[in-house]
Protein chains: 4
Amino acid sequence: MHKKPTLDAKVARQAFEHALASHEPEFGKFFLARLFGCEFEYTNDTCQVSFEVKDFMLNPQGGLHGGVTAFVLDISMGHLLRKKSGPGTTLEMKVQYAAPARDGRLTATGQFIRHGRGISYLRSEMVDDKGELIAFATSTWKSLTNPVTK
Amino acid sequence: MHKKPTLDAKVARQAFEHALASHEPEFGKFFLARLFGCEFEYTNDTCQVSFEVKDFMLNPQGGLHGGVTAFVLDISMGHLLRKKSGPGTTLEMKVQYAAPARDGRLTATGQFIRHGRGISYLRSEMVDDKGELIAFATSTWKSLTNPVTK
Amino acid sequence: MHKKPTLDAKVARQAFEHALASHEPEFGKFFLARLFGCEFEYTNDTCQVSFEVKDFMLNPQGGLHGGVTAFVLDISMGHLLRKKSGPGTTLEMKVQYAAPARDGRLTATGQFIRHGRGISYLRSEMVDDKGELIAFATSTWKSLTNPVTK
Amino acid sequence: MHKKPTLDAKVARQAFEHALASHEPEFGKFFLARLFGCEFEYTNDTCQVSFEVKDFMLNPQGGLHGGVTAFVLDISMGHLLRKKSGPGTTLEMKVQYAAPARDGRLTATGQFIRHGRGISYLRSEMVDDKGELIAFATSTWKSLTNPVTK
């Protein structure tokens, strides 16, 4: 059994104040992305989102909460889609959790499986700073700039 | 196009201070569950997690961020599993997003598809206060209290 | 270890000749649906597809092959969609396998999670003749009769 | 609308007789793998399963049935797992359908996302003979040779 996490209030408060002061209702800058300390880097074919695990992000068992993992994987794919062909909405996402993460810097790299005009498939891998796989996601998106009926 | 969300700093700060003051490293009480204002209710076969959408939870398009949806769905299933047979770890989760949510109270109801000693399947539906479906999730869990090799 | 299946050639040949003689390129009647002996029943909200497990459908471990399970779950959802709003195409499907099936009659019941004009979500449960869950599927469909760009 | 498929009975019969004559209750050789004409090739890290689309494999809309796609993707992953660490059972599989296939030779290449002692994640890509993506799958497996409780 892992030691119960003790939350460092100063770190959480710093993240919160940073988010409050710097967020904008924009891709890459919205409040939760700021709160989790997400940093964005684009190549031609990928969007990398990296962040530092902080103890306010942990689950009751002391590992990074799967919801945070899902959040970061989601934005690595959604931000790539938006960069390449405008904003979209997630129809569905599946996340497979490969290993728990307790600290350090994690990076999710989103890329296309198939880039369509209306429907796109993306995937993203999250690794830790040693390159070990933390989680793997696939998703289906509907572009908002094309006439797709939902 | 929806109006860009303007974050109400007072609401966000209240949520943050509440989370900081009241969290414990326990199921139902950990920091992020408190930050998102999750309330838990159990029946014999379900775990219901409800929360109020607040504007700090929105994506850049002004809807509830899919990562928050995934987070709440995840805990509705994980908390049920833990209640019935001890803590588990998510092997995978898939979320289908049925409709955007912009405000109001949302409730995710987790239940078992199959409850096994080592491997369990769960599902959860999130609805808004009119009962409209927001999202549907299925997941696969590994119990931590049984000798499952990973 | 289960006994290796011995294929009954007469049963397989009967299924094959039946399929060849009776198939039509139509929903409910196409060759593979006939080969697997699928029978269709509709209620207002569901499509039930039932079939008898035969030994030519088994995997090398002597259980019903997961691909056959996926096939039947898929058609229980696709046939329901087609009945309610015209043909569609599967964007994605996820199947969770709850228990192996070795013989007897199985029934997959497809229903909607969300029925949209362009995008629909469906789910299907496969049970054996004692009502025990064999598999659970969810899927995302794009209607072909509405102007959805792919 | 695509022309309704007309089934070539000779081709179907040939596939059936071949399967009946040559199948063994073994990985790579079981009846359905033979019926669909699957050929297996292993590298150190992958299992490639290729087959020729024949018209008895089509859906009522004239494309390769998604259940056949799922079947071949499944075995490309299950056969790799079995080759590397003994037989396993699929806990779940998700397939995303990228493009319809109507004829020609298709190849599914299974590989590991994470190879564990008890739980493994795999993925597989199916492409046509021009390398165009037909479908993408991810799955979760439980090894049968390790003491995993289900």
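Let us look at the structure shown here.

### Topic: the relation of the copies chain A and chain B
Then step 1. For these two chains of identical sequence, chain A goes onto chain B by a turn of 180° and a shift of 0.0 Å along the axis, with RMSD 0.0 Å. Taken together, the rotation angle and the small translation identify this as a two-fold axis. Residue K94 of chain A of chain A places its C-alpha closer to the rotation axis than any other residue of that unit, at 2.0 Å.

### Quick look at the relation of the copies chain D and chain C
Then step 1. Turning chain D through 180° and shifting it by 0.0 Å along the axis lays it on chain C, with an RMSD of 0.0 Å.
Then step 2. Taken as a fraction of all interface residues of chain D, those also at the interface in chain C reach 100%, which identifies the copy contact as same-surface.

### Some points on the pairing of strand β1 (residues 39-42) of chain C
All names here are of chain C.
Then step 1. In the sheet, β1 pairs with strand β2 (residues 46-52) via 4 bridges, with the strands oriented antiparallel. Paired with E41 across the two strands is Q48, which belongs to β2.
Then step 2. Hairpin connection of β1 to β2: 3 residues between the antiparallel strands.

### Focus: the pattern of salt bridges
Then step 1. Counting across every chain of the model gives 24 salt bridges over all chains.
Then step 2. Close ionic contact of E17 of chain D with R13 of chain C constitutes a salt bridge, the shortest N to O distance being 2.6 Å. Highlighted residues: E17 of chain D in helix α1 (residues 9-22) and R13 of chain C in helix α1 (residues 9-22), drawn from two different chains.
Then step 3. When the shortest N-O distance is used, the salt bridge between E39 of chain D and R105 of chain D registers 3.5 Å.

### Observations regarding helix α3 (residues 66-85) of chain A
Side chains of residues three or four places apart in an α-helix project in the same direction, reflecting 3.6 residues per turn.
Residues and elements named next belong to chain A.
Then step 1. Between the first and last C-alpha of α3 there are 28 Å, a value that for 20 residues agrees with the 28 Å anticipated at 1.5 Å per step.
Then step 2. Buried residues dominate α3, accounting for 16 of its 20 residues.
Then step 3. Positive backbone phi, approximately 90°, marks G86, located one or two places after α3.

### Description of the interface of chain D and chain C
Then step 1. The partner chain C presents 45 residues to the 45 residues of chain D that form the contact.
Then step 2. Summed over both partners, the interface of chain D with chain C buries about 3500 Å², with 66% contributed by carbon and sulfur atoms.
Then step 3. One can count 2 salt bridges joining chain D with chain C.
Then step 4. Along the contact surface separating chain D from chain C lie 6 residue pairs in polar contact (both at pLDDT 80 or more).
Then step 5. Of all elements in the fold, only α1, α2 (31-35), α3 (66-85) and β3 (88-97) of chain D reach the threshold of two or more residues within the side of chain D that touches chain C.
Then step 6. Among the elements that make up the side of chain D that touches chain C, the one with the highest residue count is β3 of chain D (9 residues).
Then step 7. Across the side of chain D that touches chain C, the residue classes break down as 28 nonpolar, 9 polar and 8 charged.
Then step 8. Direction of pairing for strand β3 (residues 88-97) of chain C relative to β3 of chain D: antiparallel, over a ladder of 5 bridges.

### Some words on the interface of chain A and chain B
Then step 1. Taken together, the 45 residues of chain A in the interface contact 45 residues of chain B.
Then step 2. A buried area of about 3500 Å², summed over both sides, lies between chain A and chain B, and 66% of it is on carbon and sulfur atoms.
Then step 3. Together, F16, P60 and Y97 of chain A form the three largest contributors to the area buried by chain A at its contact with chain B, with a combined 15%.
Then step 4. The interface formed by chain A and chain B holds 2 salt bridges in total.
Then step 5. There are 6 residue pairs in polar contact (both at pLDDT 80 or more) connecting chain A and chain B.
Then step 6. Of all the elements in the fold, those that place two or more residues in the side of chain A that touches chain B are α1 (9-22), α2 (31-35), α3 and β3 (88-97) of chain A.
Then step 7. Among the residues forming the side of chain A that touches chain B, the class breakdown is 28 nonpolar, 9 polar and 8 charged.

### Section: the side chain of T140 of chain D
Then step 1. Within the element layout of this structure, T140 of chain D appears in strand β6 (residues 133-143).
Then step 2. Of the residues examined, T140 of chain D reaches a relative accessible area of 0% and is grouped as buried.
Then step 3. At a separation of 3.1 Å, a polar atom in the side chain of T140 of chain D contacts the side chain of Q96 of chain A.
Then step 4. Those residues within four positions of T140 of chain D in sequence are excluded, and the remaining contacts are Q96 of chain A, L91 and E92 of chain B together with T89, T90, L91, E92, I119, S120 and Y121 of chain D.

### Looking at the packing of aromatic side chains
Then step 1. As enumerated under the stated definition, the model contains 22 aromatic pairs over all chains in all.
Then step 2. Ring centres 6.0 Å apart and planes at 75° place the aromatic pair F16 of chain D and F31 of chain D in the edge-to-face group. Placement of F16 of chain D in helix α1 and of F31 of chain D in helix α2 is noted, with a sequence separation of 15 residues between them.
Then step 3. Residue F16 of chain D is classed as buried on the basis of its relative accessible area of 1%.
Then step 4. Among the aromatic residues, those joined into a ring-pair cluster are F16, F30, F31, F36, F56 and F71 of chain A together with F16, F30, F31, F36, F56 and F71 of chain B.
Then step 5. Directly above the ring of Y42 of chain B sits K83 of chain B, whose terminal nitrogen or CZ lies 4.4 Å from the centroid.

### Considering the sheet that holds strand β5 (residues 119-127) of chain D
Then step 1. Read across the sheet, 12 strands follow the order β1(C)-β2(C)-β4(C)-β5(C)-β6(C)-β3(C)-β3(D)-β6(D)-β5(D)-β4(D)-β2(D)-β1(D) without closing on themselves; strand pairing throughout is antiparallel. If you trace the sheet from one side to the other, it starts and ends with β1 of chain C together with β1 (39-42) of chain D, each paired once. Adjacent strand axes in the sheet meet at a mean angle of 20°, parallel and antiparallel pairs treated alike.
Then step 2. Where helix α3 (residues 66-85) of chain C meets the sheet, its contacts fall on β1, β2, β3, β4 (105-114), β5 (119-127) and β6 (133-143) of chain C together with β3 of chain D, and the angle it forms with β5 of chain C comes to roughly 130°.
Then step 3. Running at roughly 130° to β5 of chain D, α3 of chain D makes contact with β3 of chain C together with β1, β2 (46-52), β3, β4 (105-114), β5 and β6 of chain D of the sheet.

Reading guide: rules and limits
Residues numbered from 1 in each chain as written. Chains lettered and ligands numbered in written order. Predicted model: local features only at pLDDT ≥ 70, side-chain atom pairs only at ≥ 80, totals over all residues. Heavy atoms only, no water. Least-squares fit on C-alpha atoms with pLDDT ≥ 70 in both. Contact = heavy atoms within 4.5 Å. Pairing = 2+ DSSP bridges. Helix = DSSP H or I, 4+ residues; strand = E, 2+ residues; numbered from the N terminus. Salt bridge = Lys/Arg side-chain N within 4 Å of Asp/Glu carboxyl O. Expected span 1.5 Å × (residues − 1). Buried < 20%, exposed > 50% of the residue type's maximum accessible area, 1.4 Å probe, protein only. Buried area = accessible area lost by both parts, 1.4 Å probe. Polar contact = N/O pair within 3.5 Å; in protein donor to acceptor, adjacent residues only side chain to side chain. Nonpolar A, V, L, I, M, F, W, Y, C, P; charged D, E, K, R; others polar. Phe/Tyr/Trp six-rings, centres within 6.5 Å; stacked < 30°, edge-to-face > 60°. Lys NZ or Arg CZ within 6 Å of the ring centre and 35° of its normal. Axes fitted to C-alpha atoms, helices over the stretch in contact; angles between N-to-C directions.

Functional significance is not addressed by these values, which are geometric in nature.
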